[in-house]
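Here is what each chain is made of, one letter per residue.
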Amino acid sequence: MSQRQIELEVLRYRPEMDDKPFFQTYQVPCEEEWVVLDALNYVKDEMDRTLSYRWSCHMFVCGSCGMVINGEPKLSCKAFLRDYKGKIRVEPLANFPIERDLVIVQDDFIEKLESVKPYIVAKQEKRVEDGEYLQTPAQLKAYKQYSMCINCLLCYSACPQYGLDEKFVGPAALALAHRYNMDSRDVGRSAREHVVASHDGIWACSFVGACSVVCPKDVDPAGAIQQTKFTSAVDYVTSFLPGGKR
Amino acid sequence: MSRKPYVREVPKTTWFLKQSRYQHYMLHEISSIFVAIYTGILIVGLFRLAQGPEAWNGWLAAVTSPIGIVFHVLAFVFALLHTTSWFKAVPQAMRIQRGESFVPGNLIVGVHYGVWAAVSVVVLLLAGVA
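Below is a short write-up of the structure.

Rules used in this analysis
Residues numbered from 1 in each chain as written. Chains lettered and ligands numbered in written order. Predicted model: local features only at pLDDT ≥ 70, side-chain atom pairs only at ≥ 80, totals over all residues. Heavy atoms only, no water. Helix = DSSP H or I, 4+ residues; strand = E, 2+ residues; numbered from the N terminus. Rg over C-alpha atoms; globule rule 2.2 N^0.38 Å. Buried < 20%, exposed > 50% of the residue type's maximum accessible area, 1.4 Å probe, protein only. Areas by Shrake-Rupley, 256 points an atom, 1.4 Å probe, with all protein chains shown as cover. Contact = heavy atoms within 4.5 Å. Buried area = accessible area lost by both parts, 1.4 Å probe. Salt bridge = Lys/Arg side-chain N within 4 Å of Asp/Glu carboxyl O. Polar contact = N/O pair within 3.5 Å; in protein donor to acceptor, adjacent residues only side chain to side chain. Nonpolar A, V, L, I, M, F, W, Y, C, P; charged D, E, K, R; others polar. Patch = residues over 30% accessible without salt bridge, like charges linked within 9 Å, V, L, I, M, F, W, Y side chains within 5 Å. Axes fitted to C-alpha atoms, helices over the stretch in contact; angles between N-to-C directions. Parallel < 35°, antiparallel > 145°, perpendicular 65-115°, else oblique. Left-handed = near helix turned anticlockwise from the far one by under 90°.

1. Considerations on the overall build of chain B
Thinking step 1. Looking only at helices and strands, chain B features 4 helices and 2 strands.
Thinking step 2. Tracing chain B from N to C terminus, the helices and strands come up as α-α-α-β-β-α.
Thinking step 3. Taking 14 Å as the expected radius of gyration for a compact globule of 130 residues, we find that chain B reaches 22 Å, considerably beyond that expectation.
Thinking step 4. Projected onto its principal axes, the C-alpha coordinates of chain B cover approximately 80 × 45 × 20 Å.
Thinking step 5. Taking all 130 residues of chain B together, the buried fraction comes to 18%.
Thinking step 6. On chain B, roughly 9,200 Å² of surface is accessible, and the fraction owed to carbon and sulfur atoms is 72%.

2. What about the interface of chain A and chain B?
Thinking step 1. Across the contact, 44 residues belong to chain A and 24 residues belong to chain B.
Thinking step 2. Broken down residue by residue, the surface that chain A buries against chain B is led by Lys141, Leu164 and Phe207 of chain A, which jointly contribute 21%.
Thinking step 3. Counting every contact that joins chain A to chain B gives 3 salt bridges.
Thinking step 4. Across the pair lysine 4 of chain B and aspartate 19 of chain A runs a salt bridge, and its minimum N-O distance is 3.9 Å.
Thinking step 5. Scanning the region where chain A abuts chain B turns up 19 residue pairs in polar contact (both at pLDDT 80 or more).
Thinking step 6. Of the residues in the side of chain A that touches chain B, the class split is 25 nonpolar, 10 polar and 9 charged.

3. Overview of a nonpolar patch on the surface
Thinking step 1. On the surface, Leu107, Val111, Val115, Val119 and Val123 of chain B cluster together into a nonpolar patch covering about 430 Å² of accessible area.
Thinking step 2. Along the polypeptide, valine 115 of chain B turns up in helix α4 (residues 105-126).

4. Describing the packing of helix α6 (residues 171-181) of chain A against helix α9 (residues 221-238) of chain A
Residue and element names in this part refer to chain A.
Thinking step 1. Between α6 and α9, the shortest axis-to-axis distance is 8 Å and the interhelical angle comes to 60 degrees. Relative to α9, the element α6 lies oblique. Between α6 and α9 lies a crossing of left-handed hand. Residues Pro171, Leu174, Ala175 and His178 of α6 pack against Pro221, Ala224, Ile225, Gln227 and Thr228 of α9.

5. A closer look at the environment of alanine 118 of chain B
Residues and elements named next belong to chain B.
Thinking step 1. Mapping alanine 118 onto the fold places it in helix α4.
Thinking step 2. Classification of alanine 118 by relative accessible area gives partly exposed; the value is 42%.
Thinking step 3. Placed 83 residues apart in sequence, alanine 118 and valine 35 show a C-alpha to C-alpha distance of 20 Å.

Shown next, in the form of structure tokens:
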């Protein structure tokens with residue numbers, strides 16, 4: 001194992017004493033196979049206990065440790081030091097208020113996520129003893145990709161539309177709405193429509209596509225949104241046909 | 001302890017300068033302006049054609065003037081950019097499931113390029129170029 005001295009530049013913000021964030025540099029002795037999260041943990045354990053950041057699983061599953069690393073939204077547990085040369089700059093995810101240091105305020109996302117009813121709305125609720133809701137492998141495949149979302153918020157950090165207009169429901173919440181809309185066990189599409197197919201929903205997305213590029217789980221939220229736009233446009237046109245809603 | 005979250009403002013007019021990814025997006029969006037102007041010029045050409053030989057020749061002279069040619073070269077480059085960048089994005093919007101698998105994105109994009117080439121050949125044949 002070879003060691004390397006890393007210059008870690010971390011955005012600090014301590015609300016009780018700072019008016020605005022500032023960069024603090026740490027010289028961290030790192031092992032070659034470390035990820036950025038390991039370097040932060042070293043700082044926290046050995047150098048500066050006041051540094052705050054979120055993390056949990058250290059294996060790209062929990063979605064807690066999203067940060068902007070050298071300008072790119074990343075899971076810090078998936079950002080290997082060997083892929084970086086020179087100084088590494090770590091900032092909290094963009095487009096969210098900073099609670100403290102690398103910790104962002106997630107409330108806006110949580111509210112938006114709730115608003116799209118991210119759960120199966122069944123046609124008829126079954127009792128547990130009545131058994132499972134059955135599904136074929138092909139039906140599972142239709143939505144599986146979108147169910148891989150871990151709510152890490154890298155997509156919101158990458159989305160310029162969300163940065164400019166906080167009313168935008170945003171990539172992950174819309175991708176999760178699509179996930180349930182595509183689920184054969186779900187009948188909640190019309191119940192989600194007023195949020196999803198609204199001005200602040202899919203139609204606010206201008207398809208920059210950055211969300212899908214940074215997604216660590218290959219969910220492709222941009223694709224989910226464009227597919228929903230198509231369905232929503234078909235809904236609109238057919239609503240004028242005989243028997244339609246208009 | 002009371003909270004004091006810090007909000008970082010996003011610059012409303014210069015946000016896209018921050019990343020090359022955003023700049024590519026802007027270039028792709030701007031390309032539509034050239035496509036729209038070119039379409040407008042073609043429509044004007046149709047009207048001029050309907051007005052008679054004199055009007056038509058005037059329009060022809062305008063589009064073959066040095067400024068006309070420079071615009072057309074620019075519009076062509078932007079039209080290529082517009083087409084290729086949209087074609088690249090098609091598999092994201094068009095997901096075709098066959099049983100338990102999906103039609104590969106490359107095939108979907110390839111079909112788009114194939115149709116584009118075929119339509120171009122037909123147009124060139126009709127125009128008497130090829």
